[in-house]
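Breakdown of the fold
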Amino acid sequence: MKDTKPPRVVAELGRPETPQETADRKAENSRLYRSRKTVNNLVLSLLATVGLVVVIVLAVPRGEAPERPTVDYAQLAGQAQPDLPVPLLTPELGDDWGSNYADVRTAASPVAGTPDIRSWNVGLISPDDEFVGLVQGVDANDTWLLAELDEARPTGTVTIDGVEWVEYANGSGSEDGNVAYALSTVAGRSTIAVFGTAKPEYVLDVARSVRTGVTANLDAPSGAPAETDSE
């Protein structure tokens, strides 16, 4: 005689399930299983995506930090020296400084009837990647200096290693220009300015670094006025 299994009593119901209740329970279990599987697949997919991104990031070669500009202004000064009648300044700074330009420029004198003004220009980059400029004008005048310093206002004087410099406050165009703090001095035929957006201590460092050159200009013979490229 074939045994028949008695209907399963459901605890919540306190009685056997009806065929419809059994079908509904199985359908709900299937839905929950599919839902859990979908969530699990989504989590696995996200983990796989994150892992792939990590692998790509690690595999891509890292760019080296940009090197500090290495314009050799001392060498360029040596090349330019024969064309100018004054000793050219070459700042003596540490290896943590850089330079992004060094050249001789000729500008029309802002004073009518006077010769063009030639100048030696050096751009320096401080250890904090801030700008300090050095300009040395030959037979320059106050109007030329005012233009070079963005119309900055003198605020007093400071003596650095025996050299007296005039200090300047922000120039009128300092928001878009290169003058936040500046110094100037006159040595022989050279009008020298150090300026920049760097911290004042860096501007002072550059002024200190050209002391030997300033002294050389003070000791240089006056000679003839500087020649220009103008006809």
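See above for the structure.
First, a word on what this report is: a plain description of the structure on this page. (Residues numbered from 1 in each chain as written. Predicted model: local features only at pLDDT ≥ 70, side-chain atom pairs only at ≥ 80, totals over all residues. Heavy atoms only, no water.)

Quick look at helix H2 (residues 73–80)
The periodicity of an α-helix, 3.6 residues per turn, causes residues three or four places apart in sequence to face the same way. All buried positions along H2 are accounted for by Tyr73, Ala77 and Ala80. Down the axis of H2, the buried side of the element spans an arc of 65°, and every buried residue falls inside it. Turning to H2, the residues buried within the fold contact strand E3 (98–107) and strand E4 (117–125). (Buried < 20%, exposed > 50% of the residue type's maximum accessible area, 1.4 Å probe, protein only. Helix = DSSP H or I, 4+ residues; strand = E, 2+ residues; numbered from the N terminus. Arc of directions from axis to C-beta. Contact = heavy atoms within 4.5 Å.)

Here's the deal with the nonpolar core
Among the nonpolar cores identified, the biggest contains 30 residues, and Val132, Trp165 and Val194 are the most heavily contacted of them. Looking at this core, the elements with two or more residues in it are H2, E4, strand E5 (131–138), strand E7 (163–168), strand E8 (181–187), strand E9 (190–196) and helix H4 (200–209). Considering every element that reaches this core, the biggest residue donor is H4, with 4 residues. Ignoring anything within four residues of it in the chain, the contact list for Val132 reads Trp97, Val122, Gly123, Leu124, Val194, Phe195, Gly196, Ala198, Tyr202, Val203 and Val206. (Core = buried A, V, L, I, M, F, W, Y, C linked by side-chain atoms within 4.5 Å.)

A few points about the side chain of Ser184
As for its position among the elements, Ser184 is in strand E8. On the accessibility criterion, Ser184 (5% relative accessible area) is buried. At 2.8 Å, the side chain of Ser184 and the side chain of Tyr168 are in polar contact. Apart from residues lying up to four places away in sequence, Ser184 is in contact with Leu145, Glu164, Trp165, Val166, Tyr168, Ile192 and Ala193. (Polar contact = N/O pair within 3.5 Å; in protein donor to acceptor, adjacent residues only side chain to side chain.)

Points about the pairing of E7
Sheet topology note: the strand E6 (residues 154–160)/E7 ladder contains 6 bridges and is antiparallel. From the neighbouring strand, Thr157 faces E7, where its bridge partner is Val166. Sheet topology note: the E7/E8 ladder contains 3 bridges and is antiparallel. Paired with Val166 across the two strands is Ser184, which belongs to E8. (Pairing = 2+ DSSP bridges.)

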